Amino acid sequence: LDRRWGKTDCYFGGSFDIPTEERFRIDRPYCRVDKDALREALTPPPEKGGYGVLRMNHGSRATSVNLYGPAGSLSHDEGGSTIVLNGKDGTETETRTVRSRLIVDCTGHETSLVLRDERTPSRLPGFQIAYGCLVAVDETNVADATRVGPYDKEAMTLFDYRTDHFPTDSQRLLNAERAPTFMYVMPLEGNRVFFEETSLVARPALSFQECKDRCFERLQHLGIRVTEIEEEEFCYIPMGGALPARDQRVIGFGGAAAMVHPSTGYHLCRAMTGAADVARTVRSELSKGRDGGTVDLDEAAALAYHAIWSPSNVRQRNFAVFGGEFLMKQNVEGLRGFFDGFFRLPLEMWGGFLAGWPGLPNNDKHETWNARMLFGLTFVSKLPLRVAADMAGSILAYCVTDFPTLPQSVTPFLGEPGTYERSEGMGKGRYVKGDAAAKAEARRMIRESRLGEGVPVAFGDEDKEKGEGKEKEKEKEDEAKVESFQ
């Protein structure tokens, strides 16, 4: 971890009689991950079986399940997969062909190797857009060095949904109310602070320039003077959308498998937990090849997808997808009321929803239909009446337009979503020879028929049939000679 704050602050003032300056404090720590240290920790050294890195591009694009163009750029067979990689300059001056038992695609939501499921109706993804900047602020004439503007340096500010920095009755204020953004604040050492203006989820996406403009307008209003911009961040996170299509040999993971939380955009802990499940599954399947056993790589890929998106996980995701759709339709007042009610839930409930993945803390409060139903009913009771009424109407409308995903998620009815596991009969037995006895009988009876039509011959029996035909021709010749002699 790069930094840990002991408490988390939010500002939802300006609606539902909440004063603009009122702070909502969540008595929970917030942590910032050191991405470089995390990468180093997850990269084993060569002497411990580390992996190699090829900094190259692939030019393949899935055209149908397990078919790719251009021809020969990626292909699968019973022993593995072969992919052609090109140089990072985008030319084919440097190419390399790589052979692998399985390919795991971590190229993100807009992958060209993993197809989305078109058989199950789903909405297009929403997008979380944010402009962030790591800056140094002027503290020359600051009376209280423990704060940056209104923000406590010992707290991480998760949400500041206030809009009082816009002129009253201005078009800028109207735009901010219709397409809300919030400020996210991470005070670091000394006078260094990371600020980020974020559009939680929208379809279509809000522009980066709008987020940047709102960020600096807010800072100016709060009296925070930036003296240096060290880094800028442009955050683009697709949320929701269709799951991967079934029966694919390439294993999508992370954004390529739509693993991002559809309501929050959280991903890291979900991916790290899911990685262990997928790795364990793949290792178990490949180990069947030891001691002369047979490995079905299509089965291995299907089970890897099942480890990510079991029917139970899909039901839980569908519940969160509705949450993302509800958030997208809210103006700033609705979002203030939504999150003010959300964080008034018991910690286990709201924490479990933010995690939203098996194995993460408090997920048991969301991984069954009755737990999700209890969460929903409790949550609605915490919301301002106007937001609660909107949610009730949205639930009814969504149950009709997106049937059966939401009622399937919160009731024991309507069965389970489709599974990535392959059904009985698939696999090695898919290429069947049929009933050999019945086909042999049919050929014999056709031979004996007086209609004189050609007799169907099995490919493997061609030579045998030709031999039998010559013997019969010889028999007929002998019979003709005998008749002639007589």
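Our structure's up above, just so we're on the same page.
Predicted model, so just to flag it, every value in this text is computed and none were measured. (Residues numbered from 1 in each chain as written. Predicted model: local features only at pLDDT ≥ 70, side-chain atom pairs only at ≥ 80, totals over all residues. Heavy atoms only, no water.)

This paragraph deals with the overall build of the chain. For the chain, the helix and strand inventory stands at 13 helices and 19 strands. For 486 residues, the compact-globule formula gives about 23 Å, and the C-alpha radius of gyration of the chain, at 31 Å, lies well above that figure. Within the chain, the fraction of its 486 residues that count as buried is 43%. Restricting to contacts in the chain with at least 6 residues of sequence separation, those with at least 24 account for 70%. Of the side chains in the chain, 62 bear a positive and 73 a negative charge, and the two mean positions are spaced by 2 Å. (Helix = DSSP H or I, 4+ residues; strand = E, 2+ residues; numbered from the N terminus. Rg over C-alpha atoms; globule rule 2.2 N^0.38 Å. Buried < 20%, exposed > 50% of the residue type's maximum accessible area, 1.4 Å probe, protein only. Contact = heavy atoms within 4.5 Å. Lys, Arg positive; Asp, Glu negative; His and termini not counted. Charge placed at Lys NZ, Arg CZ, Asp CG, Glu CD.)

On to the pattern of salt bridges. Scanning all chains against the criterion turns up 31 salt bridges. We note a salt bridge from glutamate 325 to arginine 203, for which the minimum N-O separation is 2.9 Å. With glutamate 325 in helix α6 (residues 311–328) and arginine 203 in the loop between β17 (192–202) and α3 (208–221), the pair connects residues that are 122 residues apart, well separated along the chain. Given the relative accessible area of 11%, glutamate 325 is considered buried. (Salt bridge = Lys/Arg side-chain N within 4 Å of Asp/Glu carboxyl O.)

Right, let's get into the packing of aromatic side chains. What the rule picks out here adds up to 34 aromatic pairs. The interplanar angle of 85° and the centroid separation of 5.1 Å between the aromatic rings of phenylalanine 342 and phenylalanine 343 together place this pair among those described as edge-to-face. We note that phenylalanine 342, like phenylalanine 343, is buried. Measuring from ring centre to ring centre gives 5.1 Å for phenylalanine 343 and tryptophan 350, while their planes differ by 75°; the resulting arrangement is edge-to-face. By relative accessible area, phenylalanine 343 is classed as buried at 9%. (Phe/Tyr/Trp six-rings, centres within 6.5 Å; stacked < 30°, edge-to-face > 60°.)

One finds Phe159, Tyr161, Phe339, Phe342 and Phe343 to be the most contacted residues of the largest nonpolar core, which totals 48 residues. When residues no more than four places from it in sequence are discounted, the contact partners of tyrosine 161 are Tyr11, Phe12, Pro180, Thr181, Phe182, Leu200, Val332, Leu335, Arg336 and Phe339. In this structure, Ile83, Ala257, Ala304 and Leu360 belong to the second largest nonpolar core, which totals 33 residues. (Core = buried A, V, L, I, M, F, W, Y, C linked by side-chain atoms within 4.5 Å.)

Attention now goes to the sheet that holds strand β12 (residues 126–137). Taken together, the 7 strands give an open sheet; going across it, the order is β3-β2-β15-β16-β17-β12-β18, and neighbouring strands pair in mixed fashion. Edge strands, defined here as strands with exactly one partner in the open sheet, are β3 (24–26) and β18 (226–239). In this sheet, adjacent strand axes meet at a mean angle of 20° when their direction is disregarded. Two elements, β12 and β17, share 9 bridges in a ladder whose sense is antiparallel. (Pairing = 2+ DSSP bridges. Axes fitted to C-alpha atoms, helices over the stretch in contact; angles between N-to-C directions.)

All right, on to the side chain of aspartate 402 then. When you line up the elements, aspartate 402 lands in the loop between α10 (385–401) and α11 (405–410). Overall, the relative accessible area of 12% leaves aspartate 402 in the buried class. Polar side-chain contacts of aspartate 402 include one of 2.6 Å to the side chain of arginine 123. (Polar contact = N/O pair within 3.5 Å; in protein donor to acceptor, adjacent residues only side chain to side chain.)

Following both chains from N to C, one finds α6 and α10 inclined at 125°, their axes separated by 11 Å at the closest point. Our classification of the angle between α6 and α10 gives oblique. Note that α6 runs across α10; the crossing there is right-handed. Contact residues: α6 offers Val321, Phe322, Glu325 and Phe326, while α10 offers Val387, Asp390, Met391, Ser394, Ile395 and Tyr398. Among the residues forming the contact of α6 with α10, the class breakdown is 7 nonpolar, 1 polar and 2 charged. (Parallel < 35°, antiparallel > 145°, perpendicular 65-115°, else oblique. Left-handed = near helix turned anticlockwise from the far one by under 90°. Nonpolar A, V, L, I, M, F, W, Y, C, P; charged D, E, K, R; others polar.)

What follows is about the packing of helix α7 (residues 332–342) against α10. At their nearest, the axes of α7 and α10 sit 9 Å apart, and the two run at 95° to each other. Here α7 lies roughly perpendicular to α10, going by the angle between them. Across the interface between the two elements, Glu333, Gly334, Gly337 and Phe338 from α7 touch Arg386, Val387 and Met391 from α10.

Residue proline 70 is bonded to the preceding glycine 69 through a cis peptide linkage, with omega at -5°. Here proline 70 is to be found in the loop between β7 (67–69) and β8 (74–77). Note the cis peptide between phenylalanine 403 and proline 404, where omega equals 5°. Within the element layout of this structure, proline 404 appears in the loop between α10 and α11. Even without glycine at this site, asparagine 66 takes up a positive phi of about 65°.

Taking 1.5 Å per residue, 14 residues should reach 20 Å; α3 reaches 20 Å between its end C-alpha atoms and fits that length. Of the residues one or two after α3, glycine 223 is the one with positive phi, at around 75°. (Expected span 1.5 Å × (residues − 1).)

Tracing the backbone through its elements, the reader meets alanine 440 in helix α12 (residues 436–448). Between the alpha carbons of alanine 440 and threonine 120 there is a distance of 43 Å; along the sequence they are 320 residues apart.

Bringing the environment of phenylalanine 343 into the picture now. Along the chain, the position of phenylalanine 343 falls in the loop between α7 and α8 (347–355). Between the C-alpha atoms of phenylalanine 343 and alanine 436, which are 93 residues apart in sequence, the distance is 67 Å. Ignoring any residue separated from it by four or fewer positions in sequence, one finds phenylalanine 343 in contact with Cys10, Phe12, Phe24, Ile26, Leu158, Phe159 and Trp350.

Moving on to the pairing of strand β2 (residues 7–11). In terms of burial, β2 is a largely internal element, 4 of the 5 residues being buried. Inspection of the sheet shows β2 paired to β3 by 3 bridges, in the antiparallel sense. Across the sheet, threonine 8 pairs through a bridge with isoleucine 26, a residue of β3.

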